[in-house]
Each structure stands twice: as C-alpha cells, then as structure tokens.
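Observations on the three-dimensional arrangement
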Amino acid sequence: MELYVRQQGAAAAAAATESGEALGQDGRAEVQRDLEHPQRWQIELDGRTWVVDAVASGASRSLLIDGHQYEVLCQEEGREEHGGSRFVVSCRGLEERLEVLDPLAHEALLAEDAAGVGGSQRVTAYMPGKVVKVLVEAGARVEAGQGVLVLEAMKMENEIQAESSGVLAEIFVSEGQAVQGGDPLFEVVAGGEPE
Amino acid sequence: MTDSAAAGDRGRQGAAEGGGATRQIRKVLIANRGEIAVRVLRTLREMEIRSAVVFSQPDRATPAVTFADEAYEIGPAPSSKSYLRGEAILDLAERIGADAIHPGYGFLSENAAFAAACEERGVRLIGPSSSSMAAMGSKIESRRLMMAAGVPVVPGGTDPLPDLDAARAAADEVGYPIMLKASAGGGGKGMRLVRAADQLESAFRAATSEAGSSFGDSSVYVERFVENPRHVEIQVLADEHGNAVSLGERECSLQRRHQKVVEEAPSAVVDPDLRRRMGEAAVQAALAVGYSNAGTVEFLLAPDGAFYFLEMNTRLQVEHPVTELVTGLDLVAWQIRVARGERLDPSLARIEPNGHAIEVRVYAEDPFKGFAPSPGVIQALRLPEGPGVRNDFGIDAGSEVSIHYDPMLGKLIVWGEDRDQAIRRMRRALAEIRIGGIRTTVPLFEQIFRDEDFCAGRLDIGMLDRKLASGEFAAPERPVVEAGEGAAPIEAVLRLAALIAHVESQGQQGSASGGARAAERAPRRWGQLARLDALRGRR
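Overview of the overall build of chain A
Looking only at helices and strands, chain A features two helices and 16 strands. Counting only residues that meet the buried cut, chain A has 42% of its 195 residues in that class. Contacts spanning at least 24 positions in sequence make up 45% of the contacts within chain A whose residues lie at least 6 apart. When the accessible surface of chain A is totalled, it reaches about 9,600 Å², and 45% of it is carbon and sulfur.

Overview of the interface of chain A and chain B
Contacts between the two partners involve 55 residues from chain A and, on the opposite side, 59 residues from chain B. Regarding the contact of chain A and chain B, the summed buried area is about 4,900 Å², with carbon and sulfur atoms giving 64% of it. Broken down residue by residue, the surface that chain A buries against chain B is led by R33, R92 and L94 of chain A, which jointly contribute 14%. Where chain A meets chain B, there are six salt bridges. Linking R439 of chain B and E95 of chain A is a salt bridge whose minimum nitrogen-to-oxygen distance equals 2.5 Å. Counting the contacts that link chain A with chain B gives nine residue pairs in polar contact (both at pLDDT 80 or more). Per element, the largest residue contribution to the side of chain A that touches chain B is nine residues, and it comes from strand 6 (residues 68–79) of chain A.

Describing unusual backbone geometry
Following Y176 of chain B, the chain continues into P177 of chain B via a peptide bond in cis, with omega recorded as -5°. When you line up the elements, P177 of chain B lands in the loop between helix 8 (164–174) and strand 6 (178–182). You will see that D46 of chain A, though not glycine, has its phi angle at about 50°, which is positive. Position of D46 of chain A relative to the elements: it lies in the loop between strand 3 (40–45) and strand 4 (48–57). Positive phi, close to 55°, is recorded for D66 of chain A, a residue that is not glycine. Within the fold, D66 of chain A resides in the loop between strand 5 (60–65) and strand 6. Judged by its relative accessible area of 69%, D66 of chain A is exposed.

Concerning the confidence of the model for chain B
Residues and elements named next belong to chain B. Averaged over every residue, the pLDDT of chain B is 88; the share at 70 or more is 90%. This model gives residues 1–18 a pLDDT under 50, and the stretch forms 26 contacts once residues within four places in sequence are excluded. For residues 508–539, every residue scores under 50 in pLDDT, and the model assigns this stretch 50 contacts once sequence neighbours within four places are set aside.

Examining the sheet that holds strand 11 (residues 259–265) of chain B
Hydrogen bonds along the backbone pair up the strands of a sheet, which may run parallel or antiparallel. All names here are of chain B. Sheet architecture is open: eight strands sit in the order 13-12-9-10-11-14-21-19, paired in antiparallel fashion. Across the chains shown, the open sheet's two edge strands, defined by having one partner strand only, are strand 13 (307–313) and strand 19 (389–393). On average, each strand axis in the sheet is inclined to that of its neighbour by 25°, with strand direction left out of account. Sheet analysis places strand 9 (residues 230–238) next to strand 10 (residues 244–256), joined by six bridges and oriented antiparallel. Along strand 10, the bridge assignment pairs L237 with V245. Helix 2 (residues 34–46) rests against strand 19 and strand 21 (408–416) of the sheet, and its axis sits at about 115° to strand 19. On top of the sheet, helix 12 (residues 331–339) reaches strand 9, strand 10 and strand 12 (293–301); it is set at about 125° to strand 12, its chief contact.

Let's talk about the side chain of T43 of chain B
Residue and element names in this part refer to chain B. As for its placement among the helices and strands, T43 is situated in helix 2. A relative accessible area of 0% means that T43 is categorised as buried. A distance of 2.8 Å separates the side chain of T43 from the side chain of D330, its partner in a polar contact.

Section: the packing of aromatic side chains
All names here are of chain B. Scanning all chains against the criterion turns up four aromatic pairs over all chains. A ring pair is formed by Y83 and Y405, whose centres lie 5.7 Å apart and whose planes are at 75°; its orientation type is edge-to-face. Of this pair, Y83 sits in the loop between strand 3 (70–75) and helix 4 (86–96) while Y405 sits in the loop between strand 20 (400–401) and strand 21; the two residues are 322 residues apart in sequence, bridging distant segments of the chain. Under the relative-accessibility criterion, Y83 is labelled buried at 1%. For Y405, a relative accessible area of 5% translates into the label buried. Judged by centre distance (5.3 Å) and plane angle (80°), the rings of F299 and F307 are edge-to-face. The burial state of F299 is the same as that of F307; both residues are buried. Of the aromatic side chains, those joined through ring pairs into one cluster are Y83, F107 and Y405.

Details of the confidence of the model for chain A
Residues and elements named next belong to chain A. Here chain A averages 80 in pLDDT, while 81% of its residues score no lower than 70. Of all secondary-structure elements in chain A, the lowest mean pLDDT belongs to helix 1 (residues 9–19), at 46, while strand 3 reaches the highest, 95. This model gives residues 13–25 a pLDDT under 50, and the stretch forms twelve contacts once residues within four places in sequence are excluded.

A short note on the pairing of strand 12 of chain B
All names here are of chain B. For strand 12, a buried count of nine out of nine residues is recorded, marking the element as mostly surrounded by other parts of the structure. For strand 9 and strand 12, the ladder comprises nine bridges, and the chain directions are antiparallel. By the bridge assignment for strand 12, V236 is matched with G295. One ladder, built from six bridges, connects strand 12 with strand 13; its direction is antiparallel. Across the sheet, E298 pairs through a bridge with E311, a residue of strand 13. Two successive antiparallel strands, strand 12 and strand 13, enclose a turn made up of five residues, where G305 displays a positive phi of approximately 95°.

Some remarks on helix 17 (residues 490–506) of chain B
Helix length check: helix 17 of chain B (17 residues) gives 24 Å between terminal C-alpha atoms against 24 Å at 1.5 Å per residue, within 8%. Of all 17 residues that make up helix 17 of chain B, 16 are buried, and the element is covered over most of its length.

Thoughts on helix 5 (residues 112–121) of chain B
Residues and elements named next belong to chain B. Residues F114, A115, A117 and C118 constitute the buried set of helix 5. Seen along its axis, helix 5 keeps its buried residues to an arc of 160°; they face one direction. Facing away from the buried side of helix 5 by more than 90 degrees, the exposed set consists of A113 and E120. Along its buried surface, helix 5 packs onto helix 4, strand 4 (100–102), strand 5 (124–125) and helix 6 (130–137). The residue sitting at the N-terminus of helix 5 and contributing the capping side-chain oxygen is N111; that oxygen lies 3.0 Å from the backbone nitrogen of A113. Remark: G122 follows helix 5 within two positions and exhibits a positive phi of approximately 75°.

Quick word on the nonpolar core
All names here are of chain B. The biggest cluster of nonpolar side chains holds 59 residues, and the ones touching the most others in it are V28, L29, I30, I89, I101, F114 and L237. Counting contributing residues per domain, this core is built from domain 1 (2–135) and domain 3 (230–469), each supplying no fewer than three. Once residues within four sequence positions are removed from consideration, L29 is found in contact with A52, V53, V54, I89, L92, A93, I96, A98, A100, I101 and H102. Of all hydrophobic cores here, the second largest spans 36 residues; its members include V262, V362, L430 and L464.

Reading guide: rules and limits
- Residues numbered from 1 in each chain as written.
- Chains lettered and ligands numbered in written order.
- Predicted model: local features only at pLDDT ≥ 70, side-chain atom pairs only at ≥ 80, totals over all residues.
- Heavy atoms only, no water.
- Helix = DSSP H or I, 4+ residues; strand = E, 2+ residues; numbered from the N terminus.
- Buried < 20%, exposed > 50% of the residue type's maximum accessible area, 1.4 Å probe, protein only.
- Contact = heavy atoms within 4.5 Å.
- Areas by Shrake-Rupley, 256 points an atom, 1.4 Å probe, with all protein chains shown as cover.
- Buried area = accessible area lost by both parts, 1.4 Å probe.
- Salt bridge = Lys/Arg side-chain N within 4 Å of Asp/Glu carboxyl O.
- Polar contact = N/O pair within 3.5 Å; in protein donor to acceptor, adjacent residues only side chain to side chain.
- pLDDT = per-residue confidence, 0-100.
- Pairing = 2+ DSSP bridges.
- Axes fitted to C-alpha atoms, helices over the stretch in contact; angles between N-to-C directions.
- Phe/Tyr/Trp six-rings, centres within 6.5 Å; stacked < 30°, edge-to-face > 60°.
- Expected span 1.5 Å × (residues − 1).
- Arc of directions from axis to C-beta.
- Core = buried A, V, L, I, M, F, W, Y, C linked by side-chain atoms within 4.5 Å.
- Domains from an automatic or database assignment.

This is the structure in structure tokens:
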C-alpha cells in the first residue's frame, strides 16, 4: 500500500521552507507485508527497497535489516483528524517525531499547502497549571522554538514554545488563566500569512 | 537515653540480639513512597522484620504498596494531606504496633519537630535524635558548631555587616573573591560575587537593597567565594555509644540548579590521604552534634584540594547506593541495627572503596525542553540487567507518574572494577533501558556518559548548567551511537519503524489486494495486541 511518512516539528519546518516540496517528493513509501509471514515487510522508501523483519519485543520493536538489528522505541502520540498517525520514534539516541499518512490524507495536506494554509500545530498544556504570561500576540509570525507563553506548573515557570514555524493563528488562553493537562494553548499554522 | 526508656515503656525490651541490640524492632512503618519505600522494604524483608507502609490514594497500585506486608491509606494525593501528616502517621504506628518509623528522604525525614514527637510518643525514628537534627538544620548554628569542633568551613563570618567600612574590613580579612550574602537569605536573592576590592562598594549597595526588598532585612555578610568547586560528601555512620565511622566519599558535582543528577564513588580526585582527612572531619562533625545513625556531611572541594563544610544531611541520601556498591554494606540494615542499639563493628572503619560505582537519577522530565515535567502513564518499562547493574525504582508498567510528587522515577546504578569500566557499563545499561509513554532524562545521560570532560573526571558544580546553556548538551541531531558498517542509516530505520507501526495499529494487511478487507474485519485488533504487549512490559 502507498503511505507517506514525514517529520514533524522544527526540522521538518526548516526543510519545507528550503525545498518547498518536502512533502511532495520524499516520504513516499510503498509498503508490502508478507501474508504468510506477517513479520516480514518489503518497503520502498525514497527510491530504496528495504526488506525488514519486524517483531514486537517487550517495550519496543526489533527490526532486522540485512542481518543488522535495530531496537526501536515507537510510541503513538495520537491520530490526526485526517487519518494520519503521529509517532515519537527513537533508536540509538536519535529521536524524531514522524507522521504517517495515507494517500488521501497526504493529498489533503498537499492541497492545504498549495492553498497556503499548511498544516497546523495545536499545542496543549502538558499538565495542569496557570498561564503567567503570553509572549506573542495572535496573528504574529513565530519561528520553531520561539516561546509563545509561560506556564507555571509544579511551582516552576516553563516557557511553552512553538514546535514549528508559521503564524500564531489563535491563542486559546489568557494571562492568569488556570488550565488542565491537555487543554489547547495555541495553534500555529505553517506557511500562513501574518495578519 | 530517652530511646531505651521509650523501648521500656512499650514493654518490648527483650533479650539483646546479636551485635548488642538493646531493643527489638519487629515492625517498621515506612513514611514514604516510591523508590525509597521499595528500597527500605527490601532490607526489611531480608532482615525478616514485618513491614508497613502508608500510601496516598493515587499510590495504591505502586510497588511501594505491593512489596509491603501491611499498607494503610493516609490521605489524598497532595503531600500535605498524606505523607506529611506526622500526627496521623504516629497514630497509625501506635495503632498497628510498629516499633519504628523509617522516614526515607524528603517528606518528614529532616523534620526535627516530627523526630521530637516520635521521641515523646516512644516510637523509634530510624535516624538521629531530634536535637542532632535541629542542630544541623540551621545553617548558622551548624556553621558555628563546626568551627568550634575544628571542621573547616568556608572562611567568612555570619555576623551582619553594619556598613561599607565593616564589609571592606571583613572582605580584606577573608580574601577576594568574596560573596556577599543576605543574612535572612536563600534562593540566590541578595547575593553578589565580588572579585576585587574596587567592586565592593556597588555590590554592597546592590546586595543590601535587594536583601531589604526580598526579606525585609537588609543585613548581609561576607564569605570567601570558592571558584569552580566540586561537591564531595562523606557518608558517616554513628551508633548510640559514641562511635562514628566514615564510609568514604561520593562525588556529586554533576548538578542542575543545585540538584544532583549523577553521583559516583569514589571521586576521581580524592586520594587516600584526602579521603582520610575528609573522613576525619566528617566524623568530628557527627560527634559534635551527638549524631547517631546514617548521615552525610557535604563539603565543597576547591581545585587546590582545600575542603569546606557545607551542611549535614541527617538522613539516608538518594545516592546512598553508590556507597553500598563500593563498600558492600547495606546502609539501611545498618540504620536499623543502630536504631536497635547495636554497636558499630570496628571493622567498618577499615573499609576501603572497592571498584567504582555511578548512579544516574532518572526523572520524568524532558531534558531538552527546559526539563519540563512529563507526567503520564508509563506504557512500557524495561530496566537493564546483567553484570554490575542495580535498579532502584518504584514504578511498574502501567504506573501513573503524578504531578503531586517529585518527578524522580528511580535510580540506575552500575558498578565496575574501575571508573572506565563503570562508564562503559552505564552506556550499555542506558542502551537497554526503555521507559515508554513519558519523557525521561535518559537521553541526557547518553550524552553525559560520552562527554569528554565527564569521562576524564573534570567536574565542578557548574559544569552541567554550563553545558546545557551552551547547547553542548542538546537534543541530538545525529544518532548517539552510529550504525555500523553496511548498516542502514538510523533516520531510515526510524521511518521504516513508523510505517510498520502505523500499518500494524491500523490492523491492515500490507498487500495491495487484502488490505481494505482486513481492515474492515478486524479494525483495531493489531493495535490492541500491540498495546497489551506493551503494557505487559516484559522486562
């Protein structure tokens, strides 16, 4: 089956700005699973074909590729409205946030990109706390890693940053407001135009 | 002593046990949670002493409860309504017939009022007396006591300086660089570093005005500023019969904002002569306050080899396992033996460190996002095993890391024949550990244990903060361990794994023909299986 895999966050935003078609070219994969031996996969990715033997092993996945063994921790972070799934994947100290999309979702995202609205990144509170300061006004352009607001939780002030570059489309909270874990804080729309 | 009287009151003063015990301890109530409760429970079981724990509502399903013989709910999640309820814990100890309370660290462990309440009610607190605790609890009082006992302290005086002239005289006497500190201070407020005499006037004005506005008391005092010191502490053990021994040092210089992150024993820079001198000073410090039980005397060690008393921790330390691994002792067992009135074994004084031990504190924090707390459910857990590895944890797969308590999940400790082997072993153990579902400080350790300065033993208490600030320790853009020759790039492996995980969690077949149908038949089957596997968390 046809799938797309792309990186989320700062690195992805930087790559997209540079090439303008990070979504279009790389990341396309043709995934085939052996019906009789379901741990065997053949995956075409970026012009290379990989034969992979993958099994769940305790907390992680073991991938065997051409005799080389890789233990990969793969945590699903959530499912997007358009059907993609988000993962935090790590192996040997390298960690990336990856999103896997089916062709329909991928096409929808491409269309969004073409329309200039891009993907949006909604940042939520990771724990209950209080918003002590909002650093950026809605409508302004933010860069990946830029602090948007300060959340006080467990008596510590933590700067909450934009995970990707774009336009701060909306701030859902105001200074002094108490929030619960999971509450949306703000949304950044990639590739948008500042108001 | 009040202790013998207490045991007598309770009618438990039976025949002395081996080692000269004057009272029996048959049931211990642990007034703590998490990894340290588990740590104490292990020793109690080995000593065949009945164990009881208190727990807050959300801690019901944690190993601290499931390892215990008896467990009693003490209140809701907030510490002030559970683990800090000293009176309720004492009532419970009486009700269930516990002879002693082990406070662990944190919570009530250094609360002299709680220690006094235990003494009044005839329940043994496994720790020093309330008066030793109180004497060491006050910075100014303990400094005065240590000077009187001949223990070196950072040169300076705690007397408030009335004016600039007095400050100038005091600074000249102590010698630059100096630190101006607020008498009522804490938290860095009202503190000024002065490197030379010509900077004193403006620093004095700034420090007094900041002290005044922060504490309502503008007085400041002068202390020598020790540049780039190490934090080296001595483990001591003292009995109720006036015997005290030093069990060697722990190097705890790797700190983030004054919180220890990595600890080791012995220190890379402490030779036998320095170890003996620091040990003697620590024993003097303990004897000066009539100390009994396990305690830790913290020192600043200057680059020139001079050392200065910092404070004494009147309890078991988080990092006690590194001392256990290089001495072969069970410090919790010795705490209990001393609390039973036993005498220290004279052979303890002759113990030399064997090999090298290193501990890392694993926190539920994201080290590359400003150490933001990362509460949540631990989806999967695998702790490293094999030669020379010890895990002190208080979590299971499925445990919830709550925002109500310290975010330390536990400690990973390794032992090696020497420091180099211990470092290699820690790298190996870090490659095995898996804690899924939350962020932890493990990725930071992977960098620390490959850092040139750390591996060479070049440490000081500001090193970690500097390397974090400069970006030297940051989220890796390259794999920490490169793939071997002929292997796939890790970036490609990550993508392949994500694709496979996606397909498996969709419950679809990868073949073009069968995909859609399989998805309709068993939409979430694979996902459920994968999650079940993860929750079982084979270790």
